[in-house]
Amino acid sequence: MSVFSEAELLLDVRGLNVDYEADNGTVHAVKDVSFTLKRGEILGLAGESGCGKSTLAFGVARLLRPPAITTAGEVIYYPRDREESSLTHMHNLPVVDGGVDVLSLTQRQLRAFRWNELSVVFQSAMNALNPVLSVGSQIIDVLKTHWPGKGRDYYTKRAIELLDLVNIAPDRLKSYPHELSGGMRQRVVIAIAMALRPELIIMDEPTTALDVVVQREILELISSLCKEFNTALIFITHDLSLLLELSDNIAIMYAGQMIEKATSYDIYKHPRHPYSYGLLHAFPTLHGEQRKIAGIPGAPPDLRTLPPSCAFNPRCPMAFGPCSTIVPLLQLATPGDRQQVACHLYNHEFSQRIPETEEIAASYEALAEGSISR
Ligand code: SF4
């Protein structure tokens, strides 16, 4: 059966669970996470440190190492039939629901999958370039390994094209990483990630070490490259404001669960989950009305001992009856809505009325003023 498809759907993640086995207990880093990604879509993954966003992305890419274990779920990838992808020439790919079953790929199949179909830019990637090799030879190494036998001239020409793609002059091919600025090194890393024209790139906090001006340049570059090549991107950051500009859709994680997924516009205009609201308003705005910043009280829970309730309950200014005894599931906020949320406020069984964003804002203000406590 062919697994190649030109349809819009690129990735379908279903019920993914990832644990870390530790001496003092099992850490449930990713819990029952499901989402889909279309070709060319930019999905932002946001949340506090330790919420499971990197573990989720690396679980999808099969990059986790023990003590991490994927205990449940499926990752289904729908490749296109492309001459330049070695997956196209591979037989016996494991299949589930008409796509490639990523969690069942053999090591050989995984090597063909990575770089060709999916590449990853890690945190502090600009410092991960080999300091004793020129940037040109690092780009050519990737091309030679995955597209062997094409000749030196082809590789050099392609490396120059890739540098040009990220606005770096061809004479920099011979430069060593220490001869480049932080922003240029980051652009080289992006060029390497794009080298084999993958369908999907995962970027984990790629701009954290850069100043804000360079950060903006890099984000604009990433956005235009994704549009030009119809490349899908999963962009991980704790900085929700970055995602609002860059992403088509945003998924917010808390305590290993996806607690809200919506378009960037919807998250910005009317975040539904109280945690999303808190995250969005945890930094001052430059424009508009002045308001008191309430912040989110408390700290994230211990992922070894999650209670059978809403994990955000101890910090939530909107908590009510069922929040302390029932785990909310990710579902549409209202029938026909585009916004998915895991919160009992949007469950008809428990709540008769959908709260307005202003009510969530008021609850945080009441918390800041001390009229309610958590
Ligand atoms: Fe707050 Fe309850 Fe919603 Fe959890 S389920 S976010 S505690 S209102």
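Quick caveat: nothing in here was measured; it's all calculated off a predicted structure. (Residues numbered from 1 in each chain as written. Predicted model: local features only at pLDDT ≥ 70, side-chain atom pairs only at ≥ 80, totals over all residues. Heavy atoms only, no water.)

### Observations regarding the overall build of the chain
Then comes step 1: Along its length, the chain carries ten helices and 13 strands.
Then comes step 2: The globule rule puts the C-alpha radius of gyration for 374 residues at 21 Å, and the 22 Å found for the chain is close to it.
Then comes step 3: Seen along its three principal axes, the alpha-carbon backbone of the chain occupies a region of about 70 × 50 × 45 Å.
Then comes step 4: Here the chain holds 374 residues, and the buried ones make up 53% of them.
Then comes step 5: Taking all contacts inside the chain whose residues are at least 6 apart in sequence as the whole, residues at least 24 apart take part in 66%.
Then comes step 6: When the accessible surface of the chain is split by element, carbon and sulfur atoms take 52% of a total near 17400 Å².
Then comes step 7: Averaging the locations of the 34 positively and 43 negatively charged side chains of the chain gives two centres separated by 5 Å. (Helix = DSSP H or I, 4+ residues; strand = E, 2+ residues; numbered from the N terminus. Rg over C-alpha atoms; globule rule 2.2 N^0.38 Å. Buried < 20%, exposed > 50% of the residue type's maximum accessible area, 1.4 Å probe, protein only. Contact = heavy atoms within 4.5 Å. Areas by Shrake-Rupley, 256 points an atom, 1.4 Å probe, with all protein chains shown as cover. Lys, Arg positive; Asp, Glu negative; His and termini not counted. Charge placed at Lys NZ, Arg CZ, Asp CG, Glu CD.)

### Some remarks on the domain arrangement of the chain
Then comes step 1: Looking at the assigned domains, one finds that the chain contains domain 1 (1–117 + 199–269), domain 2 (125–197) and domain 3 (279–369).
Then comes step 2: The interface of domain 1 with domain 2 comprises 20 residues on the first partner and 17 residues on the second.
Then comes step 3: At the surface where domain 1 touches domain 2, the tally comes to zero salt bridges.
Then comes step 4: Broken down by element, the residue count for the side of domain 1 that touches domain 2 peaks at six residues, all from helix α6 (residues 212–229). (Domains from an automatic or database assignment. Salt bridge = Lys/Arg side-chain N within 4 Å of Asp/Glu carboxyl O.)

### Description of the sheet that holds strand β4 (residues 68–77)
Then comes step 1: The antiparallel open sheet is built from five strands, whose spatial order is β2-β1-β4-β6-β5. Only two strands of the sheet have a single partner each, and these edge strands are β2 (25–38) and β5 (95–96).
Then comes step 2: Sheet analysis places strand β1 (residues 9–22) next to β4, joined by eight bridges and oriented antiparallel. Paired with Asn 17 across the bridge in β4 is Ala 72. (Pairing = 2+ DSSP bridges.)

### With respect to the packing of aromatic side chains
Then comes step 1: Counting across every chain of the model gives seven aromatic pairs.
Then comes step 2: Arranged with centres 5.2 Å apart and planes meeting at 75°, the rings of Tyr 77 and Phe 113 form a pair that is edge-to-face. Here the residue Tyr 77 occupies a position in strand β4, and Phe 113 occupies one in helix α2 (residues 107–113), the gap between them amounting to 36 residues.
Then comes step 3: Overall, the relative accessible area of 0% leaves Tyr 77 in the buried class.
Then comes step 4: Where Tyr 154 meets Tyr 155, the ring centres are 5.8 Å apart and the plane angle is 80°; that geometry is what we call edge-to-face.
Then comes step 5: The rings of Tyr 254, Tyr 275 and Phe 312 are connected pair by pair, giving a single aromatic cluster.
Then comes step 6: Lying across the ring of Tyr 154, Lys 150 places its NZ or CZ 5.4 Å from the centre. (Phe/Tyr/Trp six-rings, centres within 6.5 Å; stacked < 30°, edge-to-face > 60°. Lys NZ or Arg CZ within 6 Å of the ring centre and 35° of its normal.)

### Notes on the sheet that holds strand β10 (residues 249–254)
Then comes step 1: The eight strands lie next to each other as β7-β8-β9-β3-β10-β11-β13-β12, forming an open sheet whose pairing is mixed. Each end of this open sheet is capped by a strand with a single partner; those strands are β7 (118–121) and β12 (331–332).
Then comes step 2: Note: strand β11 (residues 257–263) against strand β13 (residues 340–341), two bridges, orientation antiparallel. Within β13, the residue paired with Lys 261 across the bridge is Gln 340.
Then comes step 3: The strands touched by helix α1 (residues 53–60) are β3 (42–46), β7, β8 (200–204), β9 (232–237), β10 and β11; relative to β9, the strand with the most contacts, the crossing angle is about 150°. (Axes fitted to C-alpha atoms, helices over the stretch in contact; angles between N-to-C directions.)

### Brief notes about α1
Then comes step 1: Among the eight residues of α1, seven are classified as buried, and the element is accordingly described as predominantly covered.
Then comes step 2: Along α1, the positions that sit buried rather than exposed are Lys 53, Thr 55, Leu 56, Ala 57, Phe 58, Gly 59 and Val 60.
Then comes step 3: Following α1 by one or two positions, Arg 62 adopts a phi angle in the positive range, close to 55°.

### Side note on the layout of surface pockets
Then comes step 1: Quantified by volume, the second largest pocket comes out at close to 480 Å³.
Then comes step 2: Lining the second largest pocket are 24 residues; nearest its centre among them are Ser 34, Met 258, Lys 261, Leu 330 and Gln 340.
Then comes step 3: Secondary structure elements with two or more residues in the lining of the second largest pocket: β2 and β11.
Then comes step 4: Among the elements that line the lining of the second largest pocket, the one with the most residues is β2, at eight residues.
Then comes step 5: Split by domain, the lining of the second largest pocket shows at least three residues from each of two domains, domain 1 (1–117 + 199–269) and domain 3 (279–369). (1 Å grid on protein atoms, 1.4 Å probe; cavity = no way out; pocket = protein on both sides within 12 Å on 5 of 7 lines; lining within 4 Å. Points joined across faces, edges and corners; volume = space filled by probe spheres on them.)

### A few points about helix α3 (residues 135–146)
Then comes step 1: Counted at 1.5 Å a residue, the expected span for α3 with its twelve residues is 16 Å, and the 17 Å between its end C-alpha atoms agrees.
Then comes step 2: Of all the positions in α3, only Val 135, Gly 136, Gln 138, Ile 139, Ile 140, Val 142, Leu 143 and His 146 are classed as buried.
Then comes step 3: In this fold, the buried residues of α3 make contact with α2, α4 (152–165) and α5 (182–194). (Expected span 1.5 Å × (residues − 1).)

### Thoughts on the packing of α5 against α6
Then comes step 1: Between α5 and α6, whose axes approach to 10 Å, the crossing angle comes to 15°. Comparing their axes, α6 and α5 come out roughly parallel. Where α5 crosses over α6, the handedness of that crossing is right-handed. Along the contact surface, α5 presents Gly 183, Gln 186, Arg 187, Ile 190 and Met 194, while α6 presents Val 214, Ile 218, Leu 221, Ile 222, Leu 225 and Phe 229.
Then comes step 2: When its residues are assigned to classes, the contact of α5 with α6 shows eight nonpolar, two polar and one charged. (Parallel < 35°, antiparallel > 145°, perpendicular 65-115°, else oblique. Left-handed = near helix turned anticlockwise from the far one by under 90°. Nonpolar A, V, L, I, M, F, W, Y, C, P; charged D, E, K, R; others polar.)

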